[in-house]
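Chain by chain, the residues run as shown.
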Amino acid sequence: MRIRHFLLTRFNLLLWDNDKKGNATLTEEWLHRRCELFETYCLPSIMSQKGTDLEWVILFDRDTPADVMERKDRWCEQCPSIHVVTVQHEMGYRFLTVFQRVVARKLRKLSEEGVRYDRIITTYLDNDDALSSDFTERVQALAREVKVDQPTFITFAYGCQYYTDLNIVVRFRYTNNHFLSLVEVPDEQFRVRTVFGYGMHDQLYTFSNCHVQTVSTKEQPAWLEVVHENNVMNDVLCARWPSLIRRRDALSLFSVPVTTSSSASTIYRFRFFPKWVYSQVKWLKRKLTSKKQASQMDEEGWPGADSHS
């Protein structure tokens, strides 16, 4: 059985106007900071992968500044599996179509060279996050075993968050995370739906016409979400119990050359935990408010809806 594995990353497409603090994205400062995060966390983790037949498709805005594209050239030299695709500025929101066409084109070209693949894996990866060094190897092993009567999502329930301001690593269980992989069989035109083709990752268990395989290996966290000042959305994961990883080389699992704080326990107790509790309170308030609004709408009728007896 032959498996081809594609990592899919959007680097600087026109998708969000502001980060989680309301600051403008895609500015020169924001873009350079993204490059630093990519070089520190994301790139090393992929260069250390043990999986085979791996290709990393990264989408760049066609108007990306020249100095960033020069850095991109160095990344390609360091990591030959990178395949860069430039996208017209106004077409960034159609990234799904771009990924689908790129993968189909790749598979068609390989077929013309006499190489056919039985199963295709696509994995969602943001440019400021990282994967454990055995991530692709584990996904590929699982992909060989799954039944493909329907596409199958593979999700590793346990992963980590690294807080750049606190310099600590915390482990969470988060099943519908944004490190999903999809295993599927290409059609006769070499088309695949890709991991982005079913909707937002947080709706994973509502997707139709597909299977979901959840891997719950607590001692093998498979992904690393880097929480920093310029995240668009990532922050403390609420409603999930965190556990501090005290090993100072915790990030070595992801091939990230960063040593965590020698005062991690104190930071966790007096700085991180209050922040987590605060996020819990906010989450509960939002949940109660939404339930109250839904109840009022049930009693009063939906706005703009006609009432029929």
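Summary of the structure given here. (Residues numbered from 1 in each chain as written. Predicted model: local features only at pLDDT ≥ 70, side-chain atom pairs only at ≥ 80, totals over all residues. Heavy atoms only, no water.)

Concerning the packing of aromatic side chains
In the structure shown here, the tally under the stated rule is 19 aromatic pairs. With a centroid separation of 6.2 Å and 50° between ring planes, the pair formed by Tyr268 and Phe273 is classed as tilted. With relative accessibility at 14%, the residue Tyr268 sits in the buried group. A residue is classified by how much of its surface remains accessible, and Phe273, at 26% relative accessible area, is partly exposed. A network of ring pairs unites the aromatic residues Phe11, Phe38, Trp56, Phe60 and Trp75 as a single cluster. (Phe/Tyr/Trp six-rings, centres within 6.5 Å; stacked < 30°, edge-to-face > 60°. Buried < 20%, exposed > 50% of the residue type's maximum accessible area, 1.4 Å probe, protein only.)

Thoughts on the pattern of salt bridges
Using the criterion set out here, one finds 12 salt bridges in the structure. For Asp73, the salt bridge identified is with Lys72, shortest N-O distance 2.8 Å. Taking the relative accessible area as the measure of exposure, Asp73 reaches 38% and is therefore partly exposed. Of the residues examined, Lys72 reaches a relative accessible area of 14% and is grouped as buried. The residue Glu219 makes a salt bridge to Arg171 at a minimum N-O spacing of 3.9 Å. Taken together, the positions of Glu219 in the loop between strand 10 (211-215) and strand 11 (223-227) and Arg171 in strand 8 (residues 168-173) put the pair 48 residues apart, joining distant regions of the chain. In the salt-bridge network here, residues are joined through shared partners; they are Arg4, Asp53, Glu55 and Lys106. (Salt bridge = Lys/Arg side-chain N within 4 Å of Asp/Glu carboxyl O. Helix = DSSP H or I, 4+ residues; strand = E, 2+ residues; numbered from the N terminus.)

A look at the sheet that holds strand 7 (residues 158-163)
The mixed open sheet is built from 5 strands, whose spatial order is 5-11-7-8-12. Whereas interior strands pair on both sides, the edge strands pair on one side only; in this sheet they are strand 5 (130-131) and strand 12 (243-245). (Pairing = 2+ DSSP bridges.)

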